Every structure is written in structure tokens, then in C-alpha cells.
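So the chains spell out like this:
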Amino acid sequence: MGLQEDLQASLDKLDEAINYERSADDPERTMRLIFLGFIVGEAKKTIASLQKEAAEILLNSDWDRNPFQNQHFSMETKTGQPRKKWDHDSLAVAVAKRISDSSIDMDTGEVLKSTQQMIKELLEYAAPSYWRVGALRELGIDPDDYCDVGEPITNLIYRSNNV
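Residues numbered from 1 in each chain as written. Predicted model: local features only at pLDDT ≥ 70, side-chain atom pairs only at ≥ 80, totals over all residues. Heavy atoms only, no water.

(A) Focus on the overall build of the protein chain. Looking only at helices and strands, the protein chain features 5 helices and 5 strands. For the protein chain, the α and β elements follow one another from N to C terminus as α-α-β-β-β-α-α-α-β-β. Against the compact-globule benchmark of 15 Å for 163 residues, the protein chain has a radius of gyration of 24 Å, which places it well outside the compact range. Reported as C-alpha extents along the three principal axes, the dimensions of the protein chain are approximately 75 × 50 × 35 Å. Taking all 163 residues of the protein chain together, 18% fall into the buried category. In the protein chain, 65% of the contacts between residues at least 6 apart in sequence involve partners at least 24 apart. In the structure as shown, the protein chain presents an accessible area of about 12600 Å², 55% of it carried by carbon and sulfur atoms. (Helix = DSSP H or I, 4+ residues; strand = E, 2+ residues; numbered from the N terminus. Rg over C-alpha atoms; globule rule 2.2 N^0.38 Å. Buried < 20%, exposed > 50% of the residue type's maximum accessible area, 1.4 Å probe, protein only. Contact = heavy atoms within 4.5 Å. Areas by Shrake-Rupley, 256 points an atom, 1.4 Å probe, with all protein chains shown as cover.)

Right, here's the structure in full:
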């Protein structure tokens, strides 16, 4: 049996165990569920390490970075930089000013958008836990002026071909 078959067999066993736990009704079930959560966490750490290795191998190869596809999945790369320590207050003021300025008719001075429309538009540029880098750039705002920027990270993105 090859690696793919071995992994598929392991996934099938995991699926069986999960289905068993969903129907089980005994005192040890809680401990098995906790242990299963631990195993999943450990597997995520291992997979993250393997993903990093795979990304490095691919990026150092002659791969043309076009999406890859076979009968089981497709894969592409996505590179972005981690951004931390956002200056939310300053950035919110800058975005609000741009939105407000763009809401005024330059010929008549008429305000074309309501306050609610402007606030709603603000949410196109921000999300509760992060700012939308592409949208900010469309406004002419460099997001890197409002946060600490780390080294680029390339992630492998897998998508199932099954509907």
C-alpha cells in the first residue's frame, strides 16, 4: 500500500471513530473526545511543519506557480505578509476621512452619502480582527504604515474536487 492509500485508510479509521463517538453513550466518552482533540491538535502541528517543508521545496523548484490539479484536489500558493500591532485609531481616521471626502460633490459641495452609508462603507475596508489590505490599497492607503509587517509567508491551499 502506498502513502496515499495509507493516509486514506487512516482517515477512514478516524471517520469511523468519530461516528462511533457520536453514537456512544458511556462515561469514558468524554475522555476519548478530549484525547481525540489532543490528537487533532498534534496532527495540526505536524501538518503545519510538513506544509512549510512542501512550500519551500515547491518555491525552490522550477514549478511555474500555476495551480496544480489532479483527480483528488487542486493546489495553489498564496503569499501574504503577517501584519500585527495595527494602529487602528489612526487608520480608522484616515479611512473615514477618505470616505467622507469622496462623499462630497466637488462642484456643489453637496454631501452625497448619509452617515450610515459612510459607516457601512468603512466596513468594506475593515473586519473585526483585521484590515483588508487590498481594499485599503484601492483607497490609496498603504496598510504597512499602520502595522508591523513580518516576512512573507506562502501557504498551500488545497481544495477538494468533490462537490
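Right, picking up where we left off after that structure.
(B) Representation of the pairing of strand 2 (residues 73-80) in the model. Pairing of strand 1 (residues 68-69) with strand 2 involves 2 bridges; the strand directions are antiparallel. Note that in strand 2 the partner of Gln69 across the bridge is Ser74. If you look at the hairpin formed by strand 1 and strand 2, you'll find 3 residues sitting between the two strands. (Pairing = 2+ DSSP bridges.)

(C) Spotlight on the pattern of salt bridges. Under the criterion given, the structure shown has 7 salt bridges. Across the pair Arg32 and Glu21 runs a salt bridge whose closest N-O atoms are separated by 2.5 Å. One end of the pair, Arg32, is in helix 2 (residues 29-59); the other, Glu21, is in helix 1 (residues 3-23), and 11 residues separate them in sequence. The class of Glu21 is buried, set by a relative accessible area of 7%. In this structure, Arg83 engages Asp144 in a salt bridge whose closest nitrogen and oxygen atoms are separated by 2.9 Å. Separated by 61 residues along the polypeptide, Arg83 in strand 3 (residues 83-84) and Asp144 in the loop between helix 5 (133-138) and strand 4 (148-149) bring together distant segments of the chain. The class of Arg83 is buried, set by a relative accessible area of 17%. Members of the salt-bridge network, linked through shared partners, are Glu21, Asp26 and Arg32. (Salt bridge = Lys/Arg side-chain N within 4 Å of Asp/Glu carboxyl O.)

(D) Spatial organisation of the environment of Val95. Along the polypeptide, Val95 turns up in helix 3 (residues 88-102). For Val95, a relative accessible area of 0% translates into the label buried. Sequence-distant contacts of Val95, defined by excluding residues within four places in its chain, comprise Leu122, Tyr125, Trp131, Leu136, Leu139 and Ile141.

(E) Molecular detail of unusual backbone geometry. Although it is not a glycine, Lys85 sits at a positive phi angle of roughly 55°. Its location among the elements puts Lys85 in the loop between strand 3 and helix 3.

(F) How the structure looks around the layout of surface pockets. Volume-wise, the largest pocket comes out at about 1200 Å³. Elements represented by at least two residues in the lining of the largest pocket include exactly helix 1, helix 2, strand 2 and strand 5 (153-160). By residue number, the principal contributor to the lining of the largest pocket is helix 2, which donates 9 residues. Across the lining of the largest pocket, the residue classes tally to 15 nonpolar, 5 polar and 1 charged. (1 Å grid on protein atoms, 1.4 Å probe; cavity = no way out; pocket = protein on both sides within 12 Å on 5 of 7 lines; lining within 4 Å. Points joined across faces, edges and corners; volume = space filled by probe spheres on them. Nonpolar A, V, L, I, M, F, W, Y, C, P; charged D, E, K, R; others polar.)

(G) Representation of the nonpolar core within the structure. Core analysis: the largest hydrophobic core is formed by 15 residues, its most contacted members being Trp86, Leu91, Val95, Tyr125, Trp131, Leu136 and Ile141. Only helix 3 and helix 5 provide two or more residues apiece to this core. Ranked by residue count, the leading element in this core is helix 3, at 4 residues. In this structure, Tyr125 is in contact with Val95, Ile99, Trp131, Arg132, Ala135, Leu136 and Leu139, ignoring residues within four places of it in sequence. (Core = buried A, V, L, I, M, F, W, Y, C linked by side-chain atoms within 4.5 Å.)

(H) Representation of a nonpolar patch on the surface. Taken together, the side chains of Phe35, Phe38 and Ile39 present a nonpolar region at the surface, about 310 Å² in accessible area. Positionally, Ile39 belongs in helix 2. By relative accessible area, which is 37% here, Ile39 ends up partly exposed. (Patch = residues over 30% accessible without salt bridge, like charges linked within 9 Å, V, L, I, M, F, W, Y side chains within 5 Å.)

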